[in-house]
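Residue strings, one per chain:
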Amino acid sequence: MQGNLQIPYGIFDFKRIRTEGYYYIDKTGYIPALEQSGSFLFFVRPRRFGKSLFINMLRCYYDLAEKDNFEKLFGGLAIAEKPTRNVNRYQVLSMDFSEVNRGVGATLPERFESYVGDCLKVFLSKYGPLYGDALKDISAASSPASQFTRIAKFAKEKDFHLYLMLDEYDNFTNAMLRAEESADYRSITHGQGFYREWFKVFKSSFDRIFMTGVSPVTMDDLTSGFNIALNISQDPDFNAMLGFSEEDVLKLYTDFKGTGRYQAGDPAEWVKSIKPWYDGYCFSKPMVGKESVFNSDMALYHLSALVKTGQAPENMVDVNIKTDYDKLQAVADIQRRLTGGGEGVLPVTEEIASTGQIAFDLVESFPADKISDVANFRSLFHYYGILSMAGRERGQTVFKVPNLCVQHQLFGYLRTAYLRERKPDWDGLSKLAARFAYDGEWDPFLRRLAEDYAGTTPVRGGIQGEIRIQGYMQCEFGHLNFYLARPEMELSRGFCDFALFPERCHYGDVQHSYLIELKFSAKDASEAELAGKYDEALRQLAAYRADPSVPSLARGTTLHQIVYQFKGTELLRAEQIAEEAI
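Basis of the calculations
Residues numbered from 1 in each chain as written. Predicted model: local features only at pLDDT ≥ 70, side-chain atom pairs only at ≥ 80, totals over all residues. Heavy atoms only, no water. Axes fitted to C-alpha atoms, helices over the stretch in contact; angles between N-to-C directions. Helix = DSSP H or I, 4+ residues; strand = E, 2+ residues; numbered from the N terminus. Parallel < 35°, antiparallel > 145°, perpendicular 65-115°, else oblique. Left-handed = near helix turned anticlockwise from the far one by under 90°. Contact = heavy atoms within 4.5 Å. Nonpolar A, V, L, I, M, F, W, Y, C, P; charged D, E, K, R; others polar. Pairing = 2+ DSSP bridges. Salt bridge = Lys/Arg side-chain N within 4 Å of Asp/Glu carboxyl O. Buried < 20%, exposed > 50% of the residue type's maximum accessible area, 1.4 Å probe, protein only. pLDDT = per-residue confidence, 0-100. Polar contact = N/O pair within 3.5 Å; in protein donor to acceptor, adjacent residues only side chain to side chain. Phe/Tyr/Trp six-rings, centres within 6.5 Å; stacked < 30°, edge-to-face > 60°. Core = buried A, V, L, I, M, F, W, Y, C linked by side-chain atoms within 4.5 Å.

**What about the packing of helix α12 (residues 246-256) against helix α14 (residues 296-309)?**
Phase 1: Relative orientation of the contacting elements α12 and α14 amounts to 15°, with a least axis distance of 11 Å. Taken together, the axis directions place α12 and α14 in an arrangement best described as roughly parallel. As α12 runs across α14, the sense of the crossing is right-handed. Of the residues in α14, those touching α12 at L252, Y253 and F256 are A299, L300, H302, L303, L306 and V307.
Phase 2: Looking at side-chain class alone, the contact of α12 with α14 contains eight nonpolar, one polar and no charged residues.

**Some details on the sheet that holds strand β2 (residues 91-96)**
Within a beta sheet, neighbouring strands are joined by backbone hydrogen bonds and run either parallel or antiparallel to one another.
Phase 1: The five strands lie next to each other as β2-β3-β4-β1-β5, forming an open sheet whose pairing is parallel. On the outer flanks of this sheet lie β2 and β5 (230-231), each paired with one strand and no other.
Phase 2: Taken together, the four bridges between strand β3 (residues 162-167) and strand β4 (residues 208-213) define a ladder with parallel strand orientation. Bridging from a neighbouring strand, M165 pairs with F210 of β4.
Phase 3: Together, β2, β3 and β4 form the strand contacts of helix α3 (residues 51-62), whose direction differs from that of β3 by roughly 170°.

**Focus: the sheet that holds strand β7 (residues 388-393)**
Phase 1: Spatial ordering of the open sheet is given by β6-β8-β7, a layout of three strands whose pairing is antiparallel. Edge strands, defined here as strands with exactly one partner in the open sheet, are β6 (357-360) and β7. Averaged over all pairs of adjacent strands, the angle between strand axes in this sheet comes to 35°, irrespective of strand direction.
Phase 2: The sheet contact formed by β6 and strand β8 (residues 396-400) spans four bridges and is antiparallel. Bridging from a neighbouring strand, Q357 pairs with K400 of β8.

**Considering the pattern of salt bridges**
Phase 1: In total, this model carries 21 salt bridges according to the counting rule given.
Phase 2: Of the charged contacts, one joins K519 and E536 as a salt bridge, the two residues approaching to 3.1 Å between their closest N and O atoms. Taken as a pair, K519 in strand β11 (residues 512-521) and E536 in helix α23 (residues 527-545) lie far apart in primary sequence, 17 residues in all.
Phase 3: Judged by relative accessible area, K519 falls into the buried class, the value being 9%.
Phase 4: Of the residues examined, E536 reaches a relative accessible area of 30% and is grouped as partly exposed.
Phase 5: Note that E575 is salt-bridged to R573, the shortest N-O span being 3.3 Å.
Phase 6: Several salt bridges share partner residues, and in doing so they unite K15, R59, D63, E66 and K126 into one network.

**Observations regarding the pairing of β3**
Phase 1: Within β3, six of the six residues are buried, which leaves the element mostly enclosed by the surrounding structure.
Phase 2: Of the two faces of β3, the one lined by L162, L164 and L166 and the one lined by Y163, M165 and D167 are each fully buried.
Phase 3: Here six bridges tie β2 to β3, and the two strands are oriented parallel to one another. By the bridge assignment, V92 is partnered in β3 with Y163.

**A closer look at the confidence of the model for the protein chain**
Phase 1: Confidence in the prediction for the protein chain averages 86 pLDDT; 85% of positions are at 70 or higher.
Phase 2: Confidence scores differ between elements of the protein chain, with helix α9 (residues 182-189) showing the lowest mean pLDDT of 52 and helix α4 (residues 70-74) the highest of 98.
Phase 3: Scored below 50 in pLDDT, residues 459-463 makes three contacts in the model with residues more than four places away or belonging to other chains.

**Some thoughts on the environment of N86**
Phase 1: By secondary structure assignment, the location of N86 is in the loop between α4 and β2.
Phase 2: Sequence separation between N86 and E35 is 51 residues; the distance between their C-alpha atoms is 8.8 Å.
Phase 3: With near-sequence residues (within four places) excluded, N86 lies in contact with E35, Y62 and R208.
Phase 4: A polar side-chain atom of N86 sits 3.1 Å from a polar atom in the side chain of E35.
Phase 5: One polar contact links N86 to R89, side chain to side chain, over a distance of 2.6 Å.

**What to know about the packing of aromatic side chains**
Phase 1: Across all of its chains, the model carries 39 aromatic pairs by this definition.
Phase 2: When the ring of F54 is compared with that of F210, the centres are 6.2 Å apart and the planes differ by 50°; the resulting orientation is tilted. Taken together, the residues F54 in helix α3 and F210 in strand β4 connect sequence positions 156 residues apart. Grouping residues by exposure puts F54 and F210 together as buried.
Phase 3: Here the aromatic rings of F70 and F74 are separated by 5.3 Å at their centres, their planes lie at 20°, and the arrangement is stacked.

**Here's the deal with the packing of α12 against helix α13 (residues 267-278)**
Phase 1: The N-to-C vectors of α12 and α13 enclose an angle of 130°; their axes lie 9 Å apart at closest approach. Considering their axes alone, α12 and α13 lie oblique with respect to each other. As α12 packs across α13, the resulting crossing turns out to be right-handed. Contact residues: E246, V249, L250, Y253 and T254 in α12; P267, A268, W270, V271, I274 and K275 in α13.

**Quick look at the nonpolar core**
Most often, soluble globular proteins have nonpolar side chains that are buried together.
Phase 1: Ranked by size, the top nonpolar core spans 98 residues in total, and within it F74, M95 and F210 carry the most contacts.
Phase 2: Sort the elements by how many residues they give to this core and helix α5 (residues 108-127) lands first, with nine residues.
Phase 3: Each residue touching F210, except ones within four places of it in the same chain, is listed here: L34, L41, F43, F54, I55, L58, Y163, L164, M165, L166 and M241.
Phase 4: Judged by nonpolar contacts, the second largest core, of 31 residues, contains A433, A437, A450 and M473.

**Here we look at the side chain of E168**
Phase 1: Structurally, E168 is set in the loop between β3 and α8 (171-178).
Phase 2: A polar contact of 3.0 Å, which involves the side chain of E168, links it to the side chain of R47.
Phase 3: Sequence-distant contacts of E168, defined by excluding residues within four places in its chain, comprise R47, D96, F97, S98 and T212.

Rendered as structure tokens:
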């Protein structure tokens with residue numbers, strides 16, 4: 001790596017990145033395709049994927065006030081070779097609705113007006129001289145709404161070109177829902193609600209609009225009755241527009257090799273070690289199996305620790321992204337409140353945890369008051385980055401948990417939901433888990449999990465029995481930091497319930513690996529059924545062990561093959577079938 005480039009972790013100011021020596025992974029090559037897609041565009045991605053940096057880059061590119069800085073900001077980047085005709089052509093109004101509640105006022109409409117007023121002040125301080133004598137008239141307007149009307153009228157008369165760049169468009173409306181202000185929400189987004197009216201004005205006043213958000217929830221409410229923007233979120237041309245490709249990450253780790261304490265290790269091996277944790281996202285059905293992307297912030301988080309300490313971070317899940325995934329809990333609370341149920345969300349999360357995937361038709365937009373509908377609620381898991389497109393099954397899109405980072409968040413939520421009425425002995429369980437991983441003492445650990453399952457699971461007449469026990473056990477195994485616990489791992493064309501192989505980045509000294517096949521039967525199951533499932537488990541374990549990838553995954557450990565069989569909530573057997581040094 002040349003010079004003293006810095007890691008841009010947590011920085012979304014494009015101008016600062018380009019002028020203060022920060023590393024930049026070039027996304028400017030997408031600009032021509034965006035222009036060709038339309039003038040009013042809407043794009044959603046999960047948090048921590050670089051939306052704010054990308055929209056800030058677009059502002060610098062299109063802003064006529066940055067015309068003299070083009071070479072400094074974009075020299076050497078893809079777009080510099082052949083800029084579009086719209087480069088530095090627009091007066092840009094930048095807004096970030098995550099800032100709305102910082103406005104002045106007792107009510108949301110007042111705070112919103114205050115925030116818009118502040119944005120217009122910044123706009124006029126930049127472009128005011130172009131408005132000449134009209135600037136005085138604009139500034140004298142009694143409200144931000146009338147001020148903006150005068151700006152738009154004058155710009156049209158003078159053939160000025162206006163561009164609205166709106167980040168986090170859905171931020172404060174989703175916050176309102178979480179605060180149980182559904183009635184207020186409808187009042188601002190429906191009929192003549194102020195939020196909806198502002199969007200009508202925006203559409204008629206700007207030559208171009210680019211909007212980003214996390215989900216399309218609010219969009220459906222705002223666009224009903226008029227077309228404001230084209231949703232390009234699932235367009236294959238933009239699948240990797242945000243996030244990093246594996247090639248990007250490899251170059252990143254290669255360029256920083258030799259800086260700080262990052263002196264050892266093959267960059268390709270480092271990328272291989274973080275791939276299960278941060279990669280695996282796909283947002284377009286045509287790109288499934290062809291292109292996946294890394295969470296960019298998580299890759300930079302890991303690299304920052306590597307450069308600072310020479311080692312991977314002790315916790316592979318950044319505390320900042322943990323906060324973001326708390327939104328899963330918030331959305332679950334919304335669903336419970338709107339449906340009046342106490343556990344209405346659990347079957348969806350349990351199915352994901354127990355089977356590793358779920359199939360449904362993605363809903364591209366929906367009104368906020370329909371968030372509790374099953375199809376809409378499942379779709380939110382994709383928009384929040386908890387599920388990623390992974391294939392097709394019987395005409396529906398298959399979604400999977402993209403990586404271990406998300407898996408830990410999902411299992412953490414489920415674990416809390418399962419155990420919210422009890423306070424288990426976590427210290428005792430941790431000690432049993434360590435003996436399970438390092439000493440091969442599997443029986444005490446598995447029996448403890450069975451006891452906890454029986455004590456925390458409400459009886460549901462067996463309807464959700466198998467899914468519930470698989471989900472429960474999966475989130476317990478998923479919390480074993482010693483292992484890369486993969487739900488329903490494919491081995492020899494079958495799917496092993498719990499394949500536990502060492503997480504070698506931090507726990508290379510783990511001594512024991514496991515192939516565990518869980519079998520569940522209802523509490524009134526016959527002896528013949530129980531025997532049949534046991535025999536089936538024996539055949540499956542033998543097939544899993546024969547998979548050619550197992551010796552590599554379990555190398556240096558003792559591999560245990562175990563049947564874990566339940567009848568209702570009763571543990572029938574935790575039986576080791578084979579044990580061998582690999």
